Amino acid sequence: MRFSSCLNCNTLPHAKFIKELEKNFIPHSAFQKTLLGVGSAIVALFDPYRADMISCMGEVTGGNALNYMRQKMLETNEGAEILSDMPRINSQTVCFKTLSQMPRNTLGRVYADFMVENKITADSRLPVHFIDDPDMAYVIQRYREVHDLVHATLFMKTNMLGEVTIKWIEGIQTKLPMCIGGGIWGAARLKPKHRQLYLKLYLPWAIKTGNDAKFMQGIYFEKRWNQDISDFHREMNITRLTGA
């Protein structure tokens with residue numbers, strides 16, 4: 001196991017994350033990893049709301065993608081700072097009461113309102129269980145914890161249509177197999193009305209956003225709570241979906 005391989009592992013954020021990783025890690029063989037990948041993919045295909053299976057699939061199939069994501073983060077000062085600070089997004093690190101009192105046009109307020117409207121808690125993201133490299137483990141943990149922020153800042157609902165759309169954007173940007181698979185197989189589960197909207201509006205917009213927008217995993221959202229959401233979109237090269 002490689003728990004001590006984390007860069008700057010003696011700093012407090014890294015040491016704390018490594019301790020959490022050691023507590024949650026589930027030892028497994030290469031064969032077991034293969035079974036986990038196949039099994040979790042099958043279960044997630046039939047029940048896309050099984051967060052545990054989706055998380056498992058992301059960890060055991062995402063090795064190359066996680067390396068790619070980390071390199072993308074290191075390409076910018078903001079992304080590199082995230083990897084250095086290892087910030088976490090949960091109810092202990094984010095004051096949602098404060099965010100809910102911010103002006104409506106700020107990123108923080110958009111996020112807080114989204115969480116309330118969709119009855120989501122920031123503590124719902126599962127810890128990493130099957131990755132022993134702290135650097136890679138943090139990348140996927142960060143991906144999970146900013147997923148709701150991607151939804152919120154793109155004004156995308158958490159229904160099947162919204163999830164499929166976000167999965168396309170994340171798949172294009174992260175190369176994670178679970179996101180690409182979610183975009184493909186999730187679309188097959190859409191009802192006729194949503195399927196028409198998906199093909200006409202949502203899919204073209206998702207492909208454009210995934211390709212044109214800045215790498216969203218490398219955005220230090222926590223340092224942008226006060227940013228005007230329209231300014232955020234302009235800076236990140238994001239065009240809001242219209243006509244839906």
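Residues numbered from 1 in each chain as written. Predicted model: local features only at pLDDT ≥ 70, side-chain atom pairs only at ≥ 80, totals over all residues. Heavy atoms only, no water.

What the second largest pocket holds in volume is close to 460 Å³. For the lining of the second largest pocket, the secondary structure elements donating two or more residues are α1 (12-24) and α8 (134-153). For the lining of the second largest pocket, the element with the highest residue contribution is α1, accounting for 7 residues. Taken together, the residues of the lining of the second largest pocket break down into 8 nonpolar, 5 polar and 7 charged. (1 Å grid on protein atoms, 1.4 Å probe; cavity = no way out; pocket = protein on both sides within 12 Å on 5 of 7 lines; lining within 4 Å. Points joined across faces, edges and corners; volume = space filled by probe spheres on them. Helix = DSSP H or I, 4+ residues; strand = E, 2+ residues; numbered from the N terminus. Nonpolar A, V, L, I, M, F, W, Y, C, P; charged D, E, K, R; others polar.)

Moving on, we come to the UniProt feature "binding site: Zn(2+)" (unreviewed entry) in the chain. As recorded in UniProt, the feature "binding site: Zn(2+)" (unreviewed entry) lies at H147, D148, H151 and E163. A maximum C-alpha distance of 10.4 Å places the annotated residues, which cover 17 residues in sequence, within one compact spot. Following the sequence through the fold, H151 ends up in helix α8. For H151, the contacting residues outside a window of four places in its chain are F114, M156, K157, T158, G162, E163 and I166. (UniProt positions renumbered as here; feature names shortened; annotations may be inferred. Contact = heavy atoms within 4.5 Å.)

Turning to the nonpolar core, a few remarks are in order. With 40 residues, the main nonpolar core has Y111, L154, Y198, F221, W225 and F232 as its most contacted residues. Only α7 (107-117), α8, α9 (160-174), α11 (192-212) and α12 (229-236) provide two or more residues apiece to this core. Residues within four places of Y198 in sequence aside, it is in contact with L161, V164, W168, G183, A187, L190, L203 and P204. In this structure, Y143, L176, M178 and Y220 belong to the second largest nonpolar core, which totals 22 residues. (Core = buried A, V, L, I, M, F, W, Y, C linked by side-chain atoms within 4.5 Å. Buried < 20%, exposed > 50% of the residue type's maximum accessible area, 1.4 Å probe, protein only.)

Moving on: the side chain of E222. Tracing the sequence through the fold places E222 in the loop between α11 and α12. On the basis of relative accessible area, E222 is assigned to the buried category, the value being 16%. Not counting residues up to four positions away in its chain, the partners in contact with E222 are P87, R88, I89 and R142.

One non-glycine residue, M86, adopts positive backbone phi at about 50°. Position of M86 among the secondary structure elements: in the loop between α5 (77-85) and α6 (96-100). Despite not being glycine, K119 has its phi angle at roughly 55°, a positive value. Inspection of the secondary structure assignment puts K119 in the loop between α7 and α8.

Take the pattern of salt bridges next. Per the stated rule, a full pass over the model turns up 13 salt bridges. Its salt-bridge partner being R224, residue E78 comes within 2.9 Å of it at the nearest N-O pair. In this pair, E78 sits in helix α5 while R224 sits in the loop between α11 and α12, placing the two residues 146 residues apart along the sequence. Assessed through its relative accessible area of 22%, E78 is described here as partly exposed. (Salt bridge = Lys/Arg side-chain N within 4 Å of Asp/Glu carboxyl O.)

This part is about the packing of aromatic side chains. Applying the stated criterion to the full structure yields 4 aromatic pairs. Seen in terms of ring centroids, Y111 and W225 are 5.6 Å apart; in terms of plane orientation they differ by 5°. Their pairing is stacked. Linking Y111 in helix α7 with W225 in the loop between α11 and α12, this pair joins segments that are 114 residues apart in sequence. Across the pair, exposure class does not vary: Y111 and W225 are buried alike. (Phe/Tyr/Trp six-rings, centres within 6.5 Å; stacked < 30°, edge-to-face > 60°.)

Bringing the packing of α8 against α9 into the picture now. Between α8 and α9, the shortest axis-to-axis distance is 11 Å and the interhelical angle comes to 120°. With respect to their mutual orientation, α8 and α9 come out oblique. Considering how the two elements wind past one another, α8 and α9 form a crossing that is right-handed. Residues Y143, H147, V150 and H151 of α8 lie in contact with α9, whose contacting residues are G162, E163, I166, K167 and E170. (Axes fitted to C-alpha atoms, helices over the stretch in contact; angles between N-to-C directions. Parallel < 35°, antiparallel > 145°, perpendicular 65-115°, else oblique. Left-handed = near helix turned anticlockwise from the far one by under 90°.)

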